[in-house]
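Summary of the model geometry
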Amino acid sequence: MTKTLHSIGRFKDQVALITGGASGIGRATALRLASEGAEVVIVDRNAELGNDAVSQIKQSGGKAIFVQVDLMNDADIKVLDQKISKQFPALHILINNAAILRTGCIESGEWLSNWEPETQIGLRSWVLVTQVLLPLMKEEGGAIVNLSSEGGFLGRPGQWIYDAIKAAVVSVTKTMAYEFVDYDIRVNAVAPGWIVTEMHYGQHPEPESHKRELETKPISSCIMKRLAVPEEVASAISFLASNDASYITGTTLHVDGGRMGMSVG
Ligand SMILES: NC(=O)c1ccc[n+]([C@@H]2O[C@H](COP(=O)([O-])OP(=O)(O)OC[C@H]3O[C@@H](n4cnc5c(N)ncnc54)[C@H](O)[C@@H]3O)[C@@H](O)[C@H]2O)c1
């Protein structure tokens, strides 16, 4: 009998926590993991969207809870394990997804005000989240997936902090792979290209029409000549989080329509 991916139940009896799971790639990942049997914990600062994602999962027959956390706040993060362990004895999957993108050229110095929030969320907070949740992950082993970016491999004008952080995600992923291997925890990263999420259209004066415009716009910066939808990253994250990737750790998977593979000139 042919089975669809959603009927395989790769994550049955597993608990998965996704930071930034209220929208964009994180939300698509939460929906995907839940559809394959995981009990999902959505961690986000946005309670309205977070609870909405939980409702969506429950309406499709899945299991999910929302935990409000501001990743700018260490105190919030340091009690996360207590909140999770009240309901779940172990955590099997951790998706370190939340990040923010601010722009500012080096010469102008306008990036100075971006430094604190971007590094706090994009670099410091997810390592702290991992440290705090590690005892729960050590219970039964599992998988961690961290969100890098094509920017971590490029270095783009006006985005030096974001791109440097995303390069660091690749490096820290390898460090974690070494440090957690004896706990039966694999650690990998995904580096998306340009995915149409609120990160790109949320600040636009007309977000919905801008979203549609982006989704259909032909581009020349990748082999596939189009942008992607969040579900296309969620499927790659789910693969790395699953036992289908049982011999993969410390690596970064590009999900970018071939951007890194393009010939120059
Ligand atoms: N969208 C892209 O084109 C793209 C490309 C490469 C990499 N990425 C990476 O993928 C990940 C997800 O990006 P996205 O486009 O889905 O973003 P998004 O802006 O759509 O969603 C980010 C989520 O993180 C949450 N968040 C932000 N700050 C937070 C905080 N202080 N505390 C708690 N939650 C917070 C937001 O509320 C939101 O739900 C990020 O790490 C991003 O850098 C995205």
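This is a predicted model, so every value here is computed, not measured.

As for the sheet that holds strand 3 (residues 63-68)
Strand order in the open sheet formed by seven strands is 3-2-1-4-5-6-7, and the pairing between neighbours is parallel. The open sheet terminates on both sides in strands that have one partner only, identified here as strand 3 and strand 7 (252-255). Strand-to-strand twist of the sheet, defined as the mean angle between neighbouring strand axes without regard to direction, takes the value 20°. Inspection of the sheet shows strand 2 (residues 39-44) paired to strand 3 by six bridges, in the parallel sense. Among the inter-strand pairings, V40 is bridged to a residue of strand 3, identified as A64.

Topic: the site of the ligand
As a structural note, the neighbourhood of the ligand is formed by 26 residues, with G20, G24, A99, T197 and M199 the closest of them. Within the residue set of the shell around the ligand, elements represented by two or more residues are helix 1 (24-35) and helix 7 (198-201). Counting residues per element, the shell around the ligand draws most heavily on helix 1, which supplies three residues. Of the residues contributing to the shell around the ligand, the split by class is 14 nonpolar, eight polar and four charged. Composition of the shell around the ligand by domain shows at least three residues from each of domain 1 (5-193 + 233-254) and domain 2 (197-227).

Notes on the domain arrangement of the protein
Domain annotation for the protein reports domain 1 (5-193 + 233-254) and domain 2 (197-227). Using only C-alpha atoms to locate each centre, domain 1 and domain 2 end up separated by 23 Å. Counting residues at the interface gives five residues for domain 1 and four residues for domain 2. Looking at the side of domain 1 that touches domain 2, its residues break down into two nonpolar, three polar and no charged.

Observations regarding the nonpolar core
It is characteristic of soluble globular proteins that their nonpolar side chains tend to be buried jointly. In terms of nonpolar packing, the biggest core is built from 67 residues, with A16, A30, V40 and I42 touching the most fellow members. With seven residues, helix 6 (residues 160-180) is the single largest residue contributor to this core. Here I42 is in contact with I18, G21, A22, A30, G50, A53, V54, A64 and F66, once residues within four sequence places are set aside.

Digging into unusual backbone geometry
Leaving glycine aside, a negative phi is the common case for residues, and trans is the common case for peptide bonds. Its identity as a non-glycine residue notwithstanding, D13 has a phi of 65°, on the positive side. Locating D13 in the fold gives a position in the segment before strand 1 (15-19). D13 gets classed as exposed once you count the C-beta atoms within 10 Å, which come to 11. Not every positive phi belongs to a glycine, and K225 is a case in point at roughly 60°. Counting through the fold element by element, K225 comes out in the loop between helix 8 (207-216) and helix 9 (230-241). Classification of K225 by C-beta neighbours within 10 Å gives exposed; the count is 12.

Conventions and cut-offs
Residues numbered from 1 in each chain as written. Predicted model: local features only at pLDDT ≥ 70, side-chain atom pairs only at ≥ 80, totals over all residues. Pairing = 2+ DSSP bridges. Helix = DSSP H or I, 4+ residues; strand = E, 2+ residues; numbered from the N terminus. Axes fitted to C-alpha atoms, helices over the stretch in contact; angles between N-to-C directions. Near = placed C-beta within 6 Å. Nonpolar A, V, L, I, M, F, W, Y, C, P; charged D, E, K, R; others polar. Domains from an automatic or database assignment. Contact = placed C-beta atoms within 7 Å. Core = buried A, V, L, I, M, F, W, Y, C linked by C-beta atoms within 7 Å. Buried ≥ 20, exposed ≤ 12 C-beta atoms within 10 Å, placed from the backbone.

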